[in-house]
Amino acid sequence: MNLPADHPLVDGRTAASALIRAYRGERPEITPIWFMRQAGRSLPEYRELRVGTAMLDACLDPELSSEITLQPVRRHGVDAGIFFSDIVVPLKLAGVDVDIVPGRGPVMGAPIRTMAEVAALSPLEPDALAPVAAGVARTVAQLGSTPLIGFAGAPFTLAAYLVEGGPSKDHLRARTLMHSEPGTWAALMEWAADVTGAFLRAQMLAGASAAQLFDSWAGSLSLADYTAYVAPWSKRAISYVHDLEVPVVHFGVGTGELLGAMRDIGADVVGIDDRIPLDEGIRRLGGTIPVQGNINPALLAAPWPVLEAHVLAILERGKTAPAHVVNLGHGVPPETDPTVLTRIVELVHAAR
Ligand code: CP3
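Residues numbered from 1 in each chain as written. Predicted model: local features only at pLDDT ≥ 70, side-chain atom pairs only at ≥ 80, totals over all residues. Heavy atoms only, no water.

Novice: Break down the nonpolar core for me, with residues and values.
Specialist: Of all hydrophobic cores here, the largest spans 123 residues; its most connected members are Trp34, Tyr226 and Ile344. Sorting elements by how many residues they give to this core places helix α10 (residues 182-205) first, with 10 residues. Contacts of Ile344, omitting those with residues within four sequence positions, involve Ile33, Phe35, Ile295, Leu300, Trp304, Leu307 and Val311. (Core = buried A, V, L, I, M, F, W, Y, C linked by side-chain atoms within 4.5 Å. Buried < 20%, exposed > 50% of the residue type's maximum accessible area, 1.4 Å probe, protein only. Helix = DSSP H or I, 4+ residues; strand = E, 2+ residues; numbered from the N terminus. Contact = heavy atoms within 4.5 Å.)

Novice: Any details on the environment of Phe199? Residues and values, ideally.
Specialist: Within the element layout of this structure, Phe199 appears in helix α10. Phe199 gets classed as buried once you look at its relative accessible area, which sits at 0%. Phe199 sits 108 residues away from Leu91 along the chain, and the two C-alpha atoms are 9.5 Å apart. When sequence neighbours within four positions are dropped, the list of residues in contact with Phe199 reads Ser85, Asp86, Val89, Pro90, Leu129, Val132, Phe151 and Ala152.

Novice: Break down the site of the ligand for me, with residues and values.
Specialist: Taken together, 26 residues sit near the ligand, with Arg37, Asp86, Gly103, Ser216 and His330 positioned nearest. Here an oxygen atom of the ligand sits 3.3 Å away from a polar atom, N or O, in the main chain of Ala39. Side-chain polar atom of Asp86 to a nitrogen atom of the ligand: 2.7 Å apart, as the coordinates give it. When the free accessible area of the ligand is taken as 890 Å², the share hidden by the protein chains comes to 92%. Because more than half of its atoms lie within 2 Å of the grid, the ligand is assigned to the largest pocket. (Near = heavy atom within 4 Å. Polar contact = N/O pair within 3.5 Å; in protein donor to acceptor, adjacent residues only side chain to side chain. Areas by Shrake-Rupley, 256 points an atom, 1.4 Å probe, with all protein chains shown as cover. 1 Å grid on protein atoms, 1.4 Å probe; cavity = no way out; pocket = protein on both sides within 12 Å on 5 of 7 lines; lining within 4 Å. Sits in = over half its atoms within 2 Å of the grid points.)

Novice: Run through the packing of helix α14 (residues 304-318) against helix α15 (residues 338-350), naming residues and quoting values.
Specialist: A pair of packed helices can be characterised by two numbers: the angle between their axes and the separation between those axes. Remark: α14 packs on α15, axes separated minimally by 11 Å, with the N-to-C direction vectors making an angle of 40°. Judged on the interaxial angle alone, α15 and α14 are oblique. Our pair here, α14 against α15, has a crossing hand that is right-handed. Between α14 and α15, the residues in contact are Trp304, Leu307, Glu308, Val311, Leu312 and Leu315 and Val340, Arg343, Ile344, Leu347 and Val348, respectively. When grouped by side-chain class, the residues that make up the contact of α14 with α15 number nine nonpolar, no polar and two charged. (Axes fitted to C-alpha atoms, helices over the stretch in contact; angles between N-to-C directions. Parallel < 35°, antiparallel > 145°, perpendicular 65-115°, else oblique. Left-handed = near helix turned anticlockwise from the far one by under 90°. Nonpolar A, V, L, I, M, F, W, Y, C, P; charged D, E, K, R; others polar.)

This is the structure in C-alpha cells:
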C-alpha cells in the first residue's frame, strides 16, 4: 500500500469504519449509507454558502469545498463524506475552457471533435491539483473516523461533454466519433483517462479512503461499444490508484446491461441505479461483489410510509450480496426535503 503513514486508512482512523468494511466485503453491525449529491442544493446551508461564488470557484477554494463537504455529514449522520468538487474540475485545471452553468451543467467554450483539437489538449500539471489536495486534507482533518470518498468522472462521461460541447440527451456525437474516427476517439479517451486519473489519485493521497468512478452516461452505450471503446480507458483511469489499494466503486445510470463489464475494469464495488431491482443487479454480478444502491430518487418526495417500505425492501434485497452500502439510484434532486434524507439514515441504521 503506497499511502502515506498518516493517511486515515493507514493510521487506524477509517479502516474499521462501516463503509470501508462493507466496501471490502464484510457485513458491519450497521448497513452504511451515504447519498450521491448529498452536498448541494437540497441543503439551505449550502445555498447560503454558495451565494456570490461560481460553482467551479467554490470547488477550487479549499475552505469552501471542505465546509460544503462536511455539511451533509453533520446534518444527516451519513457514513461517508464525498468530496465537494465536480467531474469537470480536472479538465479546467488542464486548461480546458469549461464552466458550469446553473440549471444546465458543464458547458465548453468550444467542442473537441477532431484529431487536431485533441492533440492541442494539454496534460494536467501535478501542481495544478494543489487546491484539490488542500481541500481534501482540510476535510479529512475534521472528519475523524468518518471516511471521505474521492471521485472522478470516467473518460466516456467526460468525453460526452467534451465532444458535444455541453450537456446532451443521447451523447450522440461522442457515440458517432468512436466509430467514425477510432484513432481520434482513442487519443481523446487516453487524455481524459490521464487527467481524471491524476485528479482521483491526488484526492486519495491527500486523505480520501475510497474512490468512486462516475460513468454516469455509460447507460447510453451497447455492451459491445462499452467493451470496445470505453472499458479500456476506464481501466486506465483507475490504474492511477491501483497501487494505493483503496476500495474503488464504479457507478453509472441505466447500466443494467453493463454491470458485469463495469465490474471487470477492476472495480471492488458496483453501484446500481434504480432502473433494475437491487437483487437482480446482484444476480447479474454473480452475487460475489459488494454493491451500492439503489433508492429511487423519485420516492424521496412520496409519503413516508411509501418511502419507508421501499427502503426496507432494498435492505432485504441487498442481503443477497456479500455486502451492501445504501445509496440512491442517482443524485439527490435539488428540491428534496433534507429532513427526509436524515430520516432514511436513521431507518437504515436502526434496521437489522
Ligand atoms: O455530494 C456529491 O455527490 C459530491 C459532489 C458532486 C458534484 N458533481 C457537485 C455538483 C459530484 C460527485 C459531481 C459529479 C458530477 N458532475 C457528475 C457525475 C455524477 C452524476 O450526477 O451523474 C456529472 C455528470 C457532473 C456534471 C454536472 N455538474 C452536472 C450535470 C451538473 C448539474 C447542473 C445543474 O445546475 O443542474 C453539475 C453541477 C454541480 N455539480 C452541482 C453540484 C452541487 C450544482 C451546482 C450548483 O448548485 O450551482
